[in-house]
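Here are the chains, one letter per residue:
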Amino acid sequence: MPHPNLHFVHRGELVTLRQVPPTRTLLQLLRDDLGLTATKEGCNEGDCGACTVVLGDKRDGRLHYSAVNSCIRLAHSIGGMALWTAQDLAAPDGTLHPVQQALLANHASQCGFCTPGFAMSLFGLYQNQVCQGQAVSREQALDALSGNLCRCTGYRPILDAAQQMQSWPAGPVDEAKTLSQLELLAHTEQGLEANFSYKSPDTLAELLHLRAAHPQAQLVAGCTDVGLWVNKLHKEFAQVLDVTRVAELRQIVTHDTHLSIGAAVTLTDAFAALEASRPTLHTFAMRFAGAPVRNSGTLGGNVANGSPIGDSMPLLIALQARVVLASVRGKRELPLESLYTGYRQNVMAADEVLTHIQVPQPQATEFLRVYKVSKRLEDDISAVCLAVQLHLKDGRVAQASIGVGGVAATPVRARQTEAALTGQPWTPATVAAAMATLRAEFQPISDMRASSDYRRAVLGNLLQRFWLESQGESEVSLADVSLEAL
Ligand SMILES: Cc1cc2nc3c(=O)[nH]c(=O)nc-3n(C[C@H](O)[C@H](O)[C@H](O)COP(=O)(O)OP(=O)(O)OC[C@H]3O[C@@H](n4cnc5c(N)ncnc54)[C@H](O)[C@@H]3O)c2cc1C
Ligand code: FES
Ligand code: FES
């Protein structure tokens, strides 16, 4: 089967690469095919950030920049976008970019292996923030660098560099030219050949038609899960169907009753939308992977992948979110927890795709918290995740909904604990009874992340923390909560 050509913008110019195989990663394309070896390979699984590059796409008439991991991104996914690598920062005469100047001035590099990745994450921040006339806060710098690992330098000089990037004359990105090239690419026909090896349809109708005709094709979104199957399990796919360009799936629409988030909305944008009406979710959102993974990965990919330790699902279950599935036969809607039938198994038929996640708007009586327990604060997978939404009326629990991750083969709803809380006075005695119920409700496994006993103990403790926070104790740390023996 012939492979499609790949068209993108690099250094302001249109580039066409012929016959790019569907599972060629962007990092392989850069280093092996194009000889752009400034982009480094470290872990090859999205964890270290050495391979970070920046992608540009047109949003609201201007360029938006995203730092992503090139190692777990399929090369074809950058079709129609602009690309910058660490080799594109300095001006043609060798003048360093402000990002590079700042790293140099702050002695922010030792062995240097991580430095191209840090420079690219900072470049994305520089273009989105500094070039818009905004200073970079320490928190923004920390977030932008949350997917980059440095083993030598220590982070203080790198963070200092991030906050000093505005001190040098602006870098040489020609936005007007890049935008006009992207405009040209937007009108490039993809070709309608039935026998494709990689396809990124633009509309939902086209996606559903292709899905029905090619149910065996590997569906991909941000590829932050699938990329690992390619790199680590050496999976080859004869056909890849990429949902990330489908216009309907990229939209977030605010309704009076709910927020409708398209399945291909990135985790970065989905969490921003959720935080707009529920600001307490910010801390949790920052605990989901690191920024480059959130910039590629989608909410729909997280939900469809259905990992028992996926982080958005406990939250979405607690928020009573519903998912919309569609095929050429029509669409159907169901509660998120009903999507799953077993370990990474779900009710989706071979011709169906997940199109939207619908999240009810908050009510005045809502008290919501979501807790993630992992070995490392940043860029780590949950051992346990607990999300609790209570509606309190006249000192009683009018309604409780609780989502849990890390305790069963799928993300689950804690129905017994919900029943133990509903209708009860919101008192320490009710909380103690609910903690016992929650600890007994699931039989989690022991694995390298945590033992079964730890998972059950910590679940109860998190509910105690929820109680303390509902009493006005903000920012309760786990150290403040007793780890009771089972
Ligand atoms: C370094 C690293 C850190 C991570 N940290 C976290 C973390 O903290 N928490 C967490 O929950 N996850 C984490 N992940 C996992 C991953 O990032 C998320 O699961 C992400 O949301 C997957 O989305 P995606 O768009 O990349 O999905 P993909 O990898 O593209 O797809 C995943 C699966 O979903 C299916 N799929 C995608 N879109 C659709 C659709 N519209 N309809 C039907 N099926 C679809 C695909 O066929 C595939 O089976 C991490 C991954 C990495 C590499
Ligand atoms: S090589 Fe480590 S994140 Fe890509
Ligand atoms: S300078 Fe050596 S890994 Fe960062």
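Residues numbered from 1 in each chain as written. Chains lettered and ligands numbered in written order. Predicted model: local features only at pLDDT ≥ 70, side-chain atom pairs only at ≥ 80, totals over all residues. Heavy atoms only, no water.

On to the packing of aromatic side chains, then. By the definition in use, this model includes nine aromatic pairs. With centroids separated by 6.0 Å and ring planes inclined at 55°, the aromatic side chains of F118 and Y155 adopt a geometry described as tilted. Residue F118 is found in helix α3 (residues 115–128), and its partner Y155 is found in helix α5 (residues 155–164); the two are separated by 37 residues along the sequence. Pairing W426 with W467 gives two aromatic rings, centres 5.4 Å apart and planes at 70°, and the pair type is edge-to-face. Of this pair, W426 sits in the loop between α14 (415–421) and α15 (428–441) while W467 sits in helix α16 (residues 452–470); the two residues are 41 residues apart in sequence, bridging distant segments of the chain. Given a relative accessible area of 14%, W467 falls into the buried group. One aromatic cluster in this structure is built from F367, W426, F466 and W467. The lysine or arginine in question, K235, covers the ring of W229, its NZ or CZ lying 5.5 Å from the ring centre. (Phe/Tyr/Trp six-rings, centres within 6.5 Å; stacked < 30°, edge-to-face > 60°. Helix = DSSP H or I, 4+ residues; strand = E, 2+ residues; numbered from the N terminus. Buried < 20%, exposed > 50% of the residue type's maximum accessible area, 1.4 Å probe, protein only. Lys NZ or Arg CZ within 6 Å of the ring centre and 35° of its normal.)

A positive phi angle, near 55°, is found at Q19, a position not held by glycine. Take Q19: it is sitting in the loop between β2 (13–17) and α1 (26–33). Even without glycine at this site, D394 takes up a positive phi of about 50°. Relative to the elements of secondary structure, D394 occurs in the loop between β17 (384–393) and β18 (396–405).

The local shell around ligand 1 holds 36 residues, among which L219, T224, D225, T298 and D311 are the closest. A289 is positioned such that a nitrogen or oxygen atom in its backbone is 2.9 Å from an oxygen atom of ligand 1. In the complex, the protein chains occlude 93% of the 980 Å² of accessible area that ligand 1 would expose alone. Of all elements in the fold, only β7 (218–220), α8 (226–231), α12 (299–305) and β15 (353–360) reach the threshold of two or more residues within the shell around ligand 1. Among the elements that line the shell around ligand 1, the one with the most residues is α12, at four residues. (Near = heavy atom within 4 Å. Polar contact = N/O pair within 3.5 Å; in protein donor to acceptor, adjacent residues only side chain to side chain. Areas by Shrake-Rupley, 256 points an atom, 1.4 Å probe, with all protein chains shown as cover.)

It is worth spelling out the domain arrangement of the chain at this point. Structurally, the chain comprises domain 1 (1–188), domain 2 (191–362) and domain 3 (368–480). Here domain 1 and domain 3 have C-alpha centroids that lie 39 Å from each other. (Domains from an automatic or database assignment.)

Glancing now at the packing of helix α2 (residues 98–105) against α3. Closest axis-to-axis distance for the α2/α3 pair is 9 Å, and the angle between their directions is 125°. Taken together, the axes of α2 and α3 are oblique relative to one another. Like other packed secondary-structure pairs, α2 and α3 cross with a definite hand, here right-handed. Two secondary-structure elements touch here, α2 through P98, V99 and L103 and α3 through T115, A119, L122, F123 and Y126. Residues that form the contact of α2 with α3 fall into these classes: seven nonpolar, one polar and no charged. (Axes fitted to C-alpha atoms, helices over the stretch in contact; angles between N-to-C directions. Parallel < 35°, antiparallel > 145°, perpendicular 65-115°, else oblique. Left-handed = near helix turned anticlockwise from the far one by under 90°. Contact = heavy atoms within 4.5 Å. Nonpolar A, V, L, I, M, F, W, Y, C, P; charged D, E, K, R; others polar.)

One open sheet accounts for five strands, arranged β2-β1-β5-β3-β4; its pairing is mixed. With one partner strand each, in any of the chains shown, β2 and β4 (62–69) form the two edges of the open sheet. Direction aside, the axes of adjacent strands within the sheet are offset by 35° on average. Inspection of the sheet shows strand β3 (residues 52–59) paired to β4 by eight bridges, in the antiparallel sense. By the bridge assignment for β4, L55 is matched with S66. Sitting on the sheet, α3 touches β3, β4 and β5 (82–84), and the angle it makes with β4 is about 160°. (Pairing = 2+ DSSP bridges.)

To continue, consider α3. Spanning 14 residues, α3 covers 20 Å between terminal C-alpha atoms, matching the ideal 20 Å at 1.5 Å per step. The buried fraction of α3 is high, at 13 of 14 residues. (Expected span 1.5 Å × (residues − 1).)

Right, let's talk about the environment of Q166 for a bit. For Q166, the location among the structural elements is in the loop between α5 and α6 (175–186). Residue classification places Q166 among the partly exposed residues on the basis of a relative accessible area of 43%. For the pair Q166 and V136, spaced 30 residues apart in sequence, the C-alpha to C-alpha distance is 8.8 Å. Here the side chain of Q166 touches Q163 through a polar contact of 3.3 Å, landing on its backbone oxygen.

Looking now at the pattern of salt bridges. What the rule picks out here adds up to 23 salt bridges. For D160, the salt bridge identified is with R156, shortest N-O distance 2.8 Å. On the criterion of helical spacing, the pair formed by D160 and R156 is a turn pair, its members being four residues apart in helix α5. Looking at D160, the relative accessible area reads 17%, which means it is buried. (Salt bridge = Lys/Arg side-chain N within 4 Å of Asp/Glu carboxyl O.)

Time to look at α15. Taking 1.5 Å per residue as the helical rise, α15 with its 14 residues ought to reach 20 Å, and the 20 Å between its terminal C-alpha atoms agrees with that figure. Every buried residue of α15 is accounted for by T430, V431, A434, M435, L438, R439 and E441. When α15 is viewed along its axis, its buried side chains cluster within an angular range of 165° and face the same direction. Opposite the packed face of α15, turned more than 90 degrees from it, sit the exposed residues A429 and A440. Close packing links the buried residues of α15 with β17, β19 (412–413), α14 and α16. (Arc of directions from axis to C-beta.)

Let's shift gears to the side chain of R413. With respect to the helices and strands, the residue R413 is situated in strand β19. Using a relative accessible area of 18% as the deciding quantity, one classes R413 as buried. Excluding anything up to four places from it in sequence, R413 contacts I317, Q320, E337, A400, S401, I402, E418, E441 and F442.

Relative to the elements of secondary structure, V353 occurs in strand β15. Take V353: its relative accessible area is 1%, and that puts it in the buried class. With 130 residues separating them in the primary sequence, V353 and C223 have C-alpha atoms 16 Å apart. Discounting residues that sit within four places of it in the chain, V353 has contacts with L207, L208, R211, L219, V324, L325, A326 and M348.

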